[in-house]
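So the chains spell out like this:
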Amino acid sequence: MSDFIQSLDPRIVRLQVREDQPFEPKEAGDQWETYEVFHQAKTGARLIHVGSLHAPSPDLALVFAKEQYGRRSTTTDMWVVRTADIFTLHRQDIDMFETAQEKLHREPQGYMEVRKYIEEFKKRQQQEGTSDGSEAGSH
Amino acid sequence: MDPKQEAIKELLIKMADDQLIIGHRHSEWIGLGPILEEDIALASIAQDKVGQSYTLFQLLHDQFGTADPDTMGFLRAENEYRCCHLVEYPNGEYDFSLIRHFLFDHAEYHRFDMLQASAFEPIRGIARKFKSEIKYHILHADVWVRRLGTGTEESHQRMQAALETAFPLALGIFEPSPYEQVLIEENIFPGEDALRQRWLETIQPILEEASLQMPDPSSIEPAYGGRRGYHTEHLAPLLEEMSWTLRYDPEAERW
């Protein structure tokens, strides 16, 4: 006879777990399947992927998602999707996103430059406006 | 104090006590629950219950001058608590904890739904807020009861057995108070009988869907006594454990 595990936590003491209690190994694949959780923080906003969880069914996945991903911030909607239902590319095909040097013209940097010119123009206009105003005030 | 004030006070104290004790019982599963996700869900429900209890003790303090929430929650004598026997029982296996949670929360939901229209104005807003929290508690309980009731042969049998153990205790929720008539006449609360009726009408179809046989309430002796301060042998050790830290150092500024 071995002793029971002693703990400061009275619940553990009450469980009367023997110190040398053997634990049976877990069977492979005995876990619930995973679900991906999407969270919406504001009506009309996109639902954003926030993580995943284990659940035995979609309704329980939603029940768990509410507490795991919805309780610390404002929530207006939530989706769960079975991870297995998501289609994605094969890992070996991910290199199709690599862009060849000669195709830089297809990237949107050019438009970012336009934005910069607009901002500069607006700033210039504003500065001219303010200097006019201060002159008027000094007279 | 006039009977109306006494009636309201009594009603608030039993609600606060039920929530504190069941909240503490649920919290005993923390870290020991069947799976992480479920552990988080039940822990959160436990936290809601204790929070609701605090709100009611604060309301009692503000309206009726009772002691502060910590004193009311942790330092009264056992026979001053007004919780029902259902919430006092040890957690047992998860089947009992789930069925208790199911039976208790459906009653709570209807209780606060009724209190939203109470002539005791300060409870109305509180009831509305509690209801939105309890809506989740019910969702959680219903999904599990349906799933385990119709799951494997073992899960069905365990849920049925747990239901038979918990049902007479759950009927004790509706133990009439000495002030039923006052509460009804003053439009404060429609009474335990009315609540019990609504509760039965709600849980019966869910239990049917879950392939569980609801015991016949007319053939059962309800577990009364809690509302008058007569408790099971489980309450005293529970209070002892709950208040241990506070009694260990009552002067502590924080713990």
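Notes on the structure in this doc start here. Quantities reported herein were computed from a predicted structural model and do not represent experimental measurements. (Residues numbered from 1 in each chain as written. Chains lettered and ligands numbered in written order. Predicted model: local features only at pLDDT ≥ 70, side-chain atom pairs only at ≥ 80, totals over all residues.)

All right, on to the sheet that holds strand β3 (residues 77–82) of chain A then. Residue and element names in this part refer to chain A. The sheet built from three strands is open, its strands ordered β2-β1-β3 with antiparallel pairing. Since the sheet does not close on itself, it has two edges, and those belong to β2 (48–55) and β3, each with one partner. Neighbour-to-neighbour, the strand axes of this sheet turn through a mean angle of 30°, independent of strand direction. By the bridge criterion, six bridges tie strand β1 (residues 33–40) to β3 in an arrangement that is antiparallel. Within β3, the position partnered with Tyr-35 by the bridge is Arg-82. (Pairing = 2+ DSSP bridges. Helix = DSSP H or I, 4+ residues; strand = E, 2+ residues; numbered from the N terminus. Axes fitted to C-alpha atoms, helices over the stretch in contact; angles between N-to-C directions.)

Attention shifts here to the pairing of β1 of chain A. When β1 of chain A meets β2 of chain A, the two strands line up antiparallel, connected through seven bridges. Along β2 of chain A, the bridge assignment pairs Phe-38 of chain A with His-49 of chain A.

The next thing to look at is the environment of Ser-27 of chain B. Residues and elements named next belong to chain B. With respect to the helices and strands, the residue Ser-27 is situated in helix α1 (residues 3–27). Exposure remark for Ser-27: the 19 C-beta atoms within 10 Å place this residue in the partly exposed category. Separated by 221 residues in sequence, Ser-27 and Tyr-248 place their C-alpha atoms 21 Å apart. With near-sequence residues (within four places) excluded, Ser-27 lies in contact with Ala-43 and Ala-46. (Buried ≥ 20, exposed ≤ 12 C-beta atoms within 10 Å, placed from the backbone. Contact = placed C-beta atoms within 7 Å.)

Residue and element names in this part refer to chain B. Phi is positive for Asn-187, close to 55°, though the residue is something other than glycine. Turning to its location among the elements, Asn-187 is positioned in the loop between α8 (180–185) and α9 (192–209). One non-glycine residue, Ser-211, lies in the positive phi region at around 60°. When you line up the elements, Ser-211 lands in the loop between α9 and α10 (235–248).

Okay, the interface of chain A and chain B next. How big an interface is tends to be reported as the loss of accessible area on association of its parts. Counting residues at the interface gives 14 residues for chain A, matched by 13 residues for chain B. Taken together, the elements giving at least two residues each to the side of chain A that touches chain B come down to α1 (10–15), β2 and α2 (58–69) of chain A. Take the side of chain A that touches chain B: its biggest share by element is seven residues, from α2 of chain A. Partitioned by chemical class, the residues of the side of chain A that touches chain B number six nonpolar, three polar and five charged. (Nonpolar A, V, L, I, M, F, W, Y, C, P; charged D, E, K, R; others polar.)

Attention now moves to the nonpolar core. Where a protein is soluble and globular, its nonpolar side chains tend to be buried together. Counting 61 residues, the largest nonpolar core has Leu-86, Ile-99, Ala-166 and Ala-170 of chain B as the members making the most contacts within it. The set of elements that each furnish at least two residues to this core consists of α1, α2 (36–64), α4 (85–88), α5 (94–115), α6 (122–149), α7 (153–171), α9 and α10 of chain B. Not counting residues up to four positions away in its chain, the partners in contact with Ile-99 of chain B are Met-159, Ala-162, Leu-163 and Ala-166 of chain B. Within the second largest apolar cluster, 14 residues are counted, among which are Tyr-35, Leu-53 and Ala-61 of chain A together with Ala-41 of chain B. (Core = buried A, V, L, I, M, F, W, Y, C linked by C-beta atoms within 7 Å.)

Here α2 of chain B spans 42 Å end to end across 29 residues, near enough to the 42 Å set by a 1.5 Å rise per residue. Taken together, the buried positions of α2 of chain B are occupied by Glu-37, Glu-38, Ala-41, Leu-42, Ile-45, Ala-46, Lys-49, Gln-52, Ser-53, Leu-56, Phe-57 and Leu-60 of chain B. Buried residues in α2 of chain B make contact with β2 and α2 of chain A together with α1, α3 (69–74) and α6 of chain B. Looking one or two residues beyond α2 of chain B, the residue adopting positive phi is Gly-65 of chain B, at roughly 70°. (Expected span 1.5 Å × (residues − 1).)

Our focus in this paragraph is the packing of α5 of chain B against α9 of chain B. Residue and element names in this part refer to chain B. At their nearest, the axes of α5 and α9 sit 9 Å apart, and the two run at 130° to each other. When the axis of α5 is compared with that of α9, the two are oblique. Seen from above, α5 lies across α9 with right-handed handedness. Touching Leu-103, His-106, Ala-107, His-110, Arg-111 and Met-114 of α5 are Leu-195, Arg-198, Trp-199, Thr-202 and Ile-203, all from α9. Residues that form the contact of α5 with α9 fall into these classes: six nonpolar, three polar and two charged. (Parallel < 35°, antiparallel > 145°, perpendicular 65-115°, else oblique. Left-handed = near helix turned anticlockwise from the far one by under 90°.)

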